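Each chain, letter by letter, is given below.
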Amino acid sequence: MAQHRIIEIDYHDFLGHLRAARDAKQLVEPSDGARWSDYVTETGLREAAFKAHARVKFTSAKPKLVAILGSNAWTGCYYYSTDDESAIKYLIS
């Protein structure tokens, strides 16, 4: 059975990879509708649990949820907060 974990990552490194993914059109957001649904189904993301963890982690009321596609170490799903300058990653191992 897959293990689901959430880890903290370096926010400033994350921003660089987020920009690169956006430029390469390898970024998926919940507002992408069917593309986001496909990502959640394909990865087994427990979106509600991840959201609950983000609400506790960030003092900001508006953390953002994104997924970076690809085949490198930064591929995965993230919550981040620009107000808190913090980011977390959802891991499935």
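Up top you'll find the structure we're talking about.
Conventions we followed
- Residues numbered from 1 in each chain as written.
- Predicted model: local features only at pLDDT ≥ 70, side-chain atom pairs only at ≥ 80, totals over all residues.
- Heavy atoms only, no water.
- Salt bridge = Lys/Arg side-chain N within 4 Å of Asp/Glu carboxyl O.
- Helix = DSSP H or I, 4+ residues; strand = E, 2+ residues; numbered from the N terminus.
- Buried < 20%, exposed > 50% of the residue type's maximum accessible area, 1.4 Å probe, protein only.
- Core = buried A, V, L, I, M, F, W, Y, C linked by side-chain atoms within 4.5 Å.
- Pairing = 2+ DSSP bridges.
- Contact = heavy atoms within 4.5 Å.
- Axes fitted to C-alpha atoms, helices over the stretch in contact; angles between N-to-C directions.
- Phe/Tyr/Trp six-rings, centres within 6.5 Å; stacked < 30°, edge-to-face > 60°.

Participant: So what exactly am I meant to see when it comes to the pattern of salt bridges here?
Facilitator: Think of it this way: side chains of opposite charge can pair up when their charged atoms draw near. Applying the stated criterion across every chain yields a total of 2 salt bridges. In this structure, the salt-bridge partner of E8 is K57, at a minimum N-O distance of 3.2 Å. Taken as a pair, E8 in strand β1 (residues 4–9) and K57 in helix α3 (residues 47–57) lie far apart in primary sequence, 49 residues in all. Residue classification places E8 among the exposed residues on the basis of a relative accessible area of 58%.

Participant: Help me understand the nonpolar core, please; the structure alone is not making it clear to me.
Facilitator: For soluble globular proteins, nonpolar side chains are generally found buried alongside one another. Of all hydrophobic cores here, the largest spans 14 residues; its most connected members are W36, L45, F50, C77 and Y79. Elements represented by at least two residues in this core include exactly α2 (34–43), α3, β3 (64–68), β4 (76–81) and β5 (86–92). In terms of residue count, the dominant contributor to this core is α2 (3 residues). Among the nonpolar cores identified, the runner-up in size contains 13 residues, and L15, A21, L27 and W74 belong to it.

Participant: Honestly, the sheet that holds β1 in this entry has me stumped. Any pointers?
Facilitator: As a general point, the strands of a sheet are linked pairwise by backbone hydrogen bonds and lie either parallel or antiparallel. Spatial strand order, β1-β5-β4-β3-β2: 5 strands in an open sheet with antiparallel pairing. Of all the strands in the sheet, the pair left with one neighbour each is β1 and β2 (27–28). Inspection of the sheet shows β2 paired to β3 by 2 bridges, in the antiparallel sense. Within β3, the position partnered with L27 by the bridge is I68. Against the sheet, α2 contacts β2, β3, β4 and β5, and its axis sits at roughly 70° relative to β3.

Participant: What's the story with the packing of aromatic side chains in this structure? I'm lost.
Facilitator: Considering all chains together, one arrives at 6 aromatic pairs under this definition. Pairing F50 with Y90 gives two aromatic rings, centres 5.2 Å apart and planes at 55°, and the pair type is tilted. With F50 in helix α3 and Y90 in strand β5, this residue pair connects regions lying 40 residues apart in the sequence. The class of F50 is buried, set by a relative accessible area of 0%. Y90 gets classed as buried once you look at its relative accessible area, which sits at 7%. Between W74 and Y78, the ring centres sit 6.2 Å apart and the planes meet at 25°, which makes this aromatic pair stacked. The residues W74 and Y78 share a single accessibility class, namely buried.

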